[in-house]
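Coordinates in review
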Amino acid sequence: GAYEFNPLFFTSITKVGDNTRLCWFDTPAGMQLQAAPSLASPVWTNMPVAAGANCVELPSVGNAFFRLRIP
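The rules behind each value
Residues numbered from 1 in each chain as written. Predicted model: local features only at pLDDT ≥ 70, side-chain atom pairs only at ≥ 80, totals over all residues. Heavy atoms only, no water. 1 Å grid on protein atoms, 1.4 Å probe; cavity = no way out; pocket = protein on both sides within 12 Å on 5 of 7 lines; lining within 4 Å. Points joined across faces, edges and corners; volume = space filled by probe spheres on them. Helix = DSSP H or I, 4+ residues; strand = E, 2+ residues; numbered from the N terminus. Nonpolar A, V, L, I, M, F, W, Y, C, P; charged D, E, K, R; others polar. Pairing = 2+ DSSP bridges. Axes fitted to C-alpha atoms, helices over the stretch in contact; angles between N-to-C directions. Core = buried A, V, L, I, M, F, W, Y, C linked by side-chain atoms within 4.5 Å. Buried < 20%, exposed > 50% of the residue type's maximum accessible area, 1.4 Å probe, protein only. Contact = heavy atoms within 4.5 Å.

Considering the layout of surface pockets
Of the volumes computed, that of the largest pocket is approximately 240 Å³. In terms of lining, the largest pocket is formed by 14 residues, of which the most central are Ala35, Pro59, Val61, Ala64 and Phe66. Secondary structure elements with two or more residues in the lining of the largest pocket: β3 (32-36), β4 (45-47) and β5 (55-59). The class makeup of the residues in the lining of the largest pocket is 9 nonpolar, 5 polar and no charged.

Structural data, given as structure tokens:
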């Protein structure tokens, strides 16, 4: 059978003032940006992203790990 793969990845992570700006290539329907404070036992939380956006600015609040997820 076929295996579909949609490569999502961050294109840039930059500092904008006190915030961190994350950008990625594509925003498919249902995509979610998620964050977790640790990867030891990650608890992923959805981050708000405007519909169709491919960048988001997040306040710098310490360490965090991010992922793009397609349900």
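Back to the text.
Comments concerning the sheet that holds β4
Backbone-to-backbone hydrogen bonds pair the strands of a sheet. The strands run either parallel or antiparallel. What the 3 strands build is an open sheet, ordered β4-β3-β6; its pairing is antiparallel. Taken across any chain shown, the strands that pair with only one partner, and hence form the sheet edges, are β4 and β6 (65-69). When the angles between neighbouring strand axes are averaged without regard to direction, this sheet yields 40°. Across 5 bridges, the pairing between β3 and β6 is antiparallel.

Let's talk about the nonpolar core
Leu22, Trp24, Met31, Leu33, Val56, Leu58 and Leu68 form the largest nonpolar core, which has 7 residues in total. For this core, the secondary structure elements donating two or more residues are β2 (19-24) and β5. Once residues within four sequence positions are removed from consideration, valine 56 is found in contact with Thr20, Arg21, Leu22, Trp24, Leu33 and Pro48.

Considering the environment of isoleucine 13
Structurally, the position occupied by isoleucine 13 is in strand β1 (residues 10-16). Residues isoleucine 13 and cysteine 55, spaced 42 residues apart in sequence, show a C-alpha to C-alpha distance of 9.6 Å.

Focus on the pairing of β2
Taken together, the 6 bridges between β1 and β2 define a ladder with antiparallel strand orientation. The residue of β2 that forms the bridge with serine 12 is cysteine 23. In this structure, the hairpin formed by β1 and β2 is closed by a connection of 2 residues, where glycine 17 is found at a positive phi of approximately 65°. With 5 bridges connecting them, β2 and β5 associate as antiparallel partners. Of the residues in β5, the one forming a bridge with arginine 21 is glutamate 57.

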